[in-house]
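Understanding the architecture of this molecule
Residues per chain, in single letters:
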Amino acid sequence: MTMTTLFISDLHLSPSLPEITDCFVRFMRDEAIHADTLYVLGDLFDFWIGDDDRSEFANQIREEFKRLTSTGVDCYFTQGNRDFLIGKRFSADTGVSLLGDETVIDLYGKKAVILHGDTLCTQDIQYLKFRDIVHKPWLQWLFNRIPMFIKKKIVKKVQTDIHSDKQHKPLEIMDVTQSEVESVLDKYQVELMIHGHTHRPNIHKFGTIENQRTRIVLGDWYTQGSVLVFSKEGYALEQRPFHQKS
Ligand code: LP5
Ligand code: MN
């Protein structure tokens, strides 16, 4: 059997949208289990409030990863802007390895840089300011020690305040900045980038003939599952229907 590496992002899993969770569970049990490696490139959750979330839903998702890693599938996680509070405890609970914001990986002899994608949107200055704040280690340290019911209130408040801000942003500023993409590729000396976040699934080819570059953008899971399947033979952005034909 050919070995494959799978990439997913932007599922936005939440207890209020069981269709997405069902599709994810099927993907984990029927597909990811046969893969070599699974990379989750952020925003797996609609919001991850902290590794102390022991709700039935959070436990259900932990179980799926535990099941996968215990069968020997390597599993890696890059934080997104909605699950930047995933931490060491989640990793210990599930066997999933946490990656930094940008990671260079080897895909069957081809090097690639993988990231969530939010940091590529350099025109979205308001967001990047917000990101700097919520990534401050001391603030996260503090937040992680607040009782759950208070954390939930804070998140709800911040989410509503911010939601109205996003409504007024032009669509262009929420896409990646091409010069930033190129400087990240330059920094790591690689020709391939894989990211999510923008919900604009696509395969972009650019650069020169001698220096062909590729940027693969993963899709979201709003209306179907979305997977990048990578093997030695090549790669494809694929969709998985929410409802299986019976
Ligand atoms: O994911 P998507 O597409 O909806 O939007 C993102 C950006 N939005 C976010 C916000 C998060 O989803 C919600 C976070 C709730 C956080 C609770 C914090 C609890 C404290 C934790 C402390 C450790 O990521 C959106 C981007 C969009 O992607 C496209 O790239 O535009 O960004 C925003 O809308 C952000 C606003 O522009 C920022 C407004 C400034 C508000 C500053 C308030 C500072 C609050 C500090 C909180 C402690
Ligand atoms: Mn995102």
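Above this text is the structure in question.
Below you will find a few notes about this structure.

Calculation criteria
Residues numbered from 1 in each chain as written. Chains lettered and ligands numbered in written order. Predicted model: local features only at pLDDT ≥ 70, side-chain atom pairs only at ≥ 80, totals over all residues. Heavy atoms only, no water. Donors = N, O, S within 2.8 Å, 3.2 Å for Na, K, Ca; no water. Helix = DSSP H or I, 4+ residues; strand = E, 2+ residues; numbered from the N terminus. Buried < 20%, exposed > 50% of the residue type's maximum accessible area, 1.4 Å probe, protein only. Polar contact = N/O pair within 3.5 Å; in protein donor to acceptor, adjacent residues only side chain to side chain. Contact = heavy atoms within 4.5 Å. Salt bridge = Lys/Arg side-chain N within 4 Å of Asp/Glu carboxyl O. Phe/Tyr/Trp six-rings, centres within 6.5 Å; stacked < 30°, edge-to-face > 60°.

1. Let's talk about the coordination of the manganese ion (ligand 2)
On the protein side, the manganese ion (ligand 2) has Asp43 (OD), Asn81 (OD1), His116 (NE2) and His197 (ND1) as donor atoms, found 2.1 to 2.3 Å from it. The sequence motif formed by the donor residues of the manganese ion (ligand 2) is D-x37-N-x34-H-x80-H. In this pair, Asn81 is assigned in the loop between β3 (74-77) and α3 (88-94) and His116 in the loop between β6 (110-115) and α4 (125-134), connecting sequence segments 35 residues apart. Both residues of the pair, Asn81 and His116, belong to the buried class.

2. Details of the side chain of Arg62
Relative to the elements of secondary structure, Arg62 occurs in helix α2 (residues 56-70). Of the polar contacts made by the side chain of Arg62, one reaches the side chain of Asp93; its length is 3.5 Å. With residues near it in sequence (within four places) discarded, Arg62 still touches Trp48, Asp51, Asp53, Arg54, Phe90, Asp93 and Thr94.

3. Comments concerning the pattern of salt bridges
Summed over the entire model, instances satisfying the criterion amount to 17 salt bridges. The salt bridge involving Arg29 is made with Glu64; its shortest N-O contact spans 2.7 Å. Here the residue Arg29 occupies a position in helix α1 (residues 18-31), and Glu64 occupies one in helix α2, the gap between them amounting to 35 residues. Accessibility expressed as a relative area gives 38% for Arg29, which makes it partly exposed. Put simply, Asp106 and Lys111 hold a salt bridge, and the shortest N to O gap is 3.6 Å.

4. Regarding the packing of aromatic side chains
Each aromatic ring pair is specified by the distance between its two centres and by the angle formed by the two planes. For the structure on display, the rule yields 13 aromatic pairs. With a centroid separation of 6.5 Å and 80° between ring planes, the pair formed by Phe45 and Phe57 is classed as edge-to-face. With Phe45 in the loop between β2 (37-40) and α2 and Phe57 in helix α2, the pair connects residues that are twelve residues apart, well separated along the chain. Taken as a pair, Phe45 and Phe57 share a single burial class, namely buried. Members of the aromatic cluster, connected to one another through ring pairs, are Phe24, Phe45, Trp48, Phe57, Phe65, Phe77 and Phe90.

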